[in-house]
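So you can see what is in the structure, the chains are spelled out below.
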Amino acid sequence: IGLGEAAPTPSRGRPPTMRYLILLALARAQCPDRCNQKGLCGKDGLCECFTGYTGLACQHRSCVSSTAWSDVPSATDQAHAPLECSNRGYCNRQTGYCVCDPLFEGFACEKFRCPTSGADRWAFDEFGEKTECSGHGLCTSMREAARSFDGYQLNRSAHRSGDYGVPYDLWDADHIRGCICDPGYEGYACDLVTCDKGDDRRTVGGTDEVAHLYCRCASPCNGTLTMFLGGEETYPLLKPTDTATELQTRLGLLRALYGNGYVQFPEPIQARSIPAGPLCSPTGTLTSITFLRDSGDIPPLWVDAAELESPSKEVYMETNQTLSCSGANGGSFVLV
């Protein structure tokens with residue numbers, strides 16, 4: 001310092017290098033738009049968005065994810081990973097709701113839309129929207145169909161794995177759905193009326209089909225029996241003290257036998273019990289049910305005795321059919 005020069009004043013605060021490093025650290029830690037208050041700012045300056053939000057600054061709404069209908073496999077037999085809108089729609093980032101592709105529906109577009117038709121007034125609900133299956137059926141997933149039984153459309157799973165049918169738990173069990181039509185309707189959308197059926201007059205030598213109901217019910221025997229045919233059930237419910245005549249009357253009122261009422265058919269069935277009397281007895285009663293109208297492949301006839309109350313009971317259906325063999329061996333055998 002020269003003569004007459006003032007000594008330099010010491011610099012106040014931190015050195016410039018230190019201030020630069022602090023500013024650089026603050027800049028790195030600053031998240032864009034402070035994550036719009038929809039997330040937390042991480043140490044690396046990236047937003048960790050709250051559930052329901054996405055984007056660099058958590059500025060967008062996210063949509064529900066579900067099993068993808070199609071995607072790129074990640075390994076052998078590894079696919080259908082969860083994706084937004086199930087990869088069958090796009091996400092509206094303003095609302096957070098999926099806009100599904102045609103034929104798909106659900107919050108995540110995870111369900112196949114059941115068909116419908118506007119051919120009649122029953123195909124619309126009270127809000128003017130088209131109803132599933134044209135209002136004449138039930139929209140059912142493959143899981144539900146495998147585990148269900150109605151004695152008509154859903155027969156093959158019945159009694160194979162107990163009361164719950166066949167379990168189906170693959171990735172599409174709840175996604176692929178279709179219509180199970182009500183009795184009297186058919187078609188992909190249950191929009192067609194099933195026509196009455198009768199005997200094909202071009203065939204000869206036919207034999208009436210006979211089904212047998214066996215019921216053994218020890219005393220005291222109370223409760224009810226239910227018979228199923230063509231997707232419908234007998235009503236009122238049968239009591240064990242009812243006779244074959246009462247069974248014949250109630251079965252004859254079902255659509256599978258009576259039809260739609262447009263054509264007058266002969267008496268559809270005939271029921272006879274051996275021994276004569278009530279349908280159930282302590283020693284067992286066998287009631288034969290003869291189908292007098294040949295309507296082709298007659299739907300299975302089922303009985304439900306779950307509500308039959310007895311110390312000991314045995315109830316089942318059987319069908320007898322005799323087949324004749326021709327040739328050198330000849331003879332015949334009976335299927336029960």
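That block above? That's the structure.
Quantities reported herein were computed from a predicted structural model and do not represent experimental measurements.

Chemist: A description of the side chain of serine 281 should follow, citing residues and the corresponding values.
Modeler: For serine 281, the position within the fold is in the loop between β19 (269–274) and β20 (285–291). Accessibility expressed as a relative area gives 12% for serine 281, which makes it buried. Only 3.1 Å separates the side chain of serine 281 from the backbone nitrogen of glycine 284, close enough to count as a polar contact. Beyond its immediate sequence surroundings of up to four residues, serine 281 is in contact with Cys215, Arg216 and Cys217.

Chemist: Before we move on, can you summarise the environment of leucine 254 with the specific residues and values?
Modeler: You can see leucine 254 is positioned in the loop between α3 (244–252) and α4 (255–258). Taking the C-alpha atoms as reference points, leucine 254 and glutamate 232, separated by 22 residues in sequence, lie 6.7 Å from one another.

Chemist: I'd like a rundown of the state of the cysteines, residues and numbers included.
Modeler: All chains considered together, the criterion is met by 11 disulfides. Two residues, cysteine 114 and cysteine 139, share a disulfide whose sulfurs are 2.0 Å apart. Judged by the torsion about the S-S bond (80 degrees), the cysteine 114/cysteine 139 disulfide is right-handed. Highlighted residues: cysteine 114 in the loop between β10 (111–112) and β11 (137–141) and cysteine 139 in strand β11, separated in sequence by 25 residues.

Chemist: Tell me about the packing of aromatic side chains, residues and numbers included.
Modeler: A ring pair, where both rings are aromatic, is described by two values, the distance of the centres and the angle of the planes. One pass over the full model with this rule turns up four aromatic pairs. Plain terms: the ring middles of tryptophan 69 and phenylalanine 104 are 5.0 Å apart, the flat faces sit at 70 degrees to each other, and that makes the pair edge-to-face. One end of the pair, tryptophan 69, is in the loop between β5 (65–67) and β6 (82–84); the other, phenylalanine 104, is in strand β9 (residues 104–105), with 35 residues separating them in the sequence. For the pair tryptophan 69 and phenylalanine 104, a shared accessibility class is recorded, and that class is buried. A ring pair is formed by phenylalanine 104 and phenylalanine 112, whose centres lie 5.8 Å apart and whose planes are at 90 degrees; its orientation type is edge-to-face. Members of the aromatic cluster, joined through ring pairs, are Trp69, Phe104, Phe112 and Trp171.

Chemist: Let's hear about the sheet that holds strand β21 (residues 301–304): which residues, and what values?
Modeler: One open sheet accounts for three strands, arranged β18-β17-β21; its pairing is antiparallel. Looking along the sheet, the strands with just one partner apiece sit at the ends: β18 (232–233) and β21. For strand β17 (residues 226–229) and β18, the ladder comprises two bridges, and the chain directions are antiparallel. Residue pairing in the sheet places leucine 229 in a bridge with glutamate 232 of β18.

Chemist: Account for the pattern of salt bridges, naming residues and giving values.
Modeler: In the structure shown here, the tally under the stated rule is eight salt bridges. As a salt-bridge pair, glutamate 105 and arginine 177 come within 2.3 Å of each other at their nearest N and O atoms. Of this pair, glutamate 105 sits in strand β9 while arginine 177 is found in strand β12 (residues 177–181), placing the two residues 72 residues apart along the sequence. Note that glutamate 314 is salt-bridged to arginine 216, the shortest N-O span being 3.5 Å. Note that glutamate 314 is positioned in strand β23 (residues 313–319) and arginine 216 in strand β15 (residues 210–217), a separation of 98 residues in sequence. Shared partners join several salt bridges into a network, and the residues in it are Glu105, Arg113, Glu132 and Arg177.

Quick notes on the rules
Residues numbered from 1 in each chain as written. Predicted model: local features only at pLDDT ≥ 70, side-chain atom pairs only at ≥ 80, totals over all residues. Heavy atoms only, no water. Helix = DSSP H or I, 4+ residues; strand = E, 2+ residues; numbered from the N terminus. Buried < 20%, exposed > 50% of the residue type's maximum accessible area, 1.4 Å probe, protein only. Polar contact = N/O pair within 3.5 Å; in protein donor to acceptor, adjacent residues only side chain to side chain. Contact = heavy atoms within 4.5 Å. Disulfide = S-S within 2.5 Å. Phe/Tyr/Trp six-rings, centres within 6.5 Å; stacked < 30°, edge-to-face > 60°. Pairing = 2+ DSSP bridges. Salt bridge = Lys/Arg side-chain N within 4 Å of Asp/Glu carboxyl O.

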